[in-house]
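For reference, the chains in residue letters:
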Amino acid sequence: MQNKKSDCEAININLVEKIRPNMPAKELLYDLSDFFKVMGDGTRIQLLWALEESEMCVGDLAVLLDMTKSAVSHQLKVLRTAKLVRSEKRGKNVYYALNDHHVKTILEKALEHVCE
């Protein structure tokens, strides 16, 4: 069987047809790709790792990572847009935390993989 866009024929069509129904929709896979693009930045990984330990405000994150508050705020906005972190205003400060336990699990599993 040859796909309309593919330039070859399947070697094992039974395997292809078995796997095809289990493939997520392309749009969902593109969203997943975008997720990994956000996660693929060293600074954002450092921020996520710090927030895995404790919720923190921008100033504390800036000192921890030796960055400007502006640079930290910019990266936190990217992480917030990607729904990886959440924010809560308390007085003059905004505190950030990981959005949910999935983010922590992803970080831990990725580190485990890298350390193997």
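Placed above this text is the structure.
Residues numbered from 1 in each chain as written. Predicted model: local features only at pLDDT ≥ 70, side-chain atom pairs only at ≥ 80, totals over all residues. Heavy atoms only, no water.

J.: I'd like to hear about the sheet that holds strand β1 (residues 56-57), residue by residue, with values.
T.: Here 3 strands make up an open sheet; going across it, the order is β1-β3-β2 and the pairing antiparallel. Only two strands of the sheet have a single partner each, and these edge strands are β1 and β2 (85-90). Where β1 lies against strand β3 (residues 93-98), 2 bridges are found, and the strand directions are antiparallel. For M56, the partnering residue across the bridge sits in β3 and is Y96. (Pairing = 2+ DSSP bridges. Helix = DSSP H or I, 4+ residues; strand = E, 2+ residues; numbered from the N terminus.)

J.: Residue-level account of the packing of helix α4 (residues 58-65) against helix α5 (residues 69-81), with values.
T.: For any two helices packed against each other, one specifies the crossing angle of their axes together with the interaxial distance. Running from amino to carboxyl end, α4 crosses α5 at an angle of 110°, the nearest separation of the two axes being 9 Å. Between α4 and α5, the interaxial angle falls into the category roughly perpendicular. Where α4 abuts α5, its residues V58, G59, L61 and A62 lie against K69, V72, S73 and L76. (Axes fitted to C-alpha atoms, helices over the stretch in contact; angles between N-to-C directions. Parallel < 35°, antiparallel > 145°, perpendicular 65-115°, else oblique. Contact = heavy atoms within 4.5 Å.)

J.: So what about the pattern of salt bridges? Which residues, and what values?
T.: Across all of its chains, the model carries 5 salt bridges by this definition. Here D34 ties to K37 by a salt bridge, and the two come within 3.8 Å at their closest N and O atoms. Pair noted here: D34 and K37 are both in helix α2 (residues 26-39), with a separation of 3 residues, about one helical turn. The closest approach of N and O atoms between E88 and R90, which form a salt bridge, is 3.2 Å. Taking relative accessible area as the criterion, E88 reaches 40% and is therefore assigned partly exposed. With a relative accessible area of 33%, R90 lands in the partly exposed category. Each member of the salt-bridge network shares a partner with another, and the members are E55, E88 and R90. (Salt bridge = Lys/Arg side-chain N within 4 Å of Asp/Glu carboxyl O. Buried < 20%, exposed > 50% of the residue type's maximum accessible area, 1.4 Å probe, protein only.)

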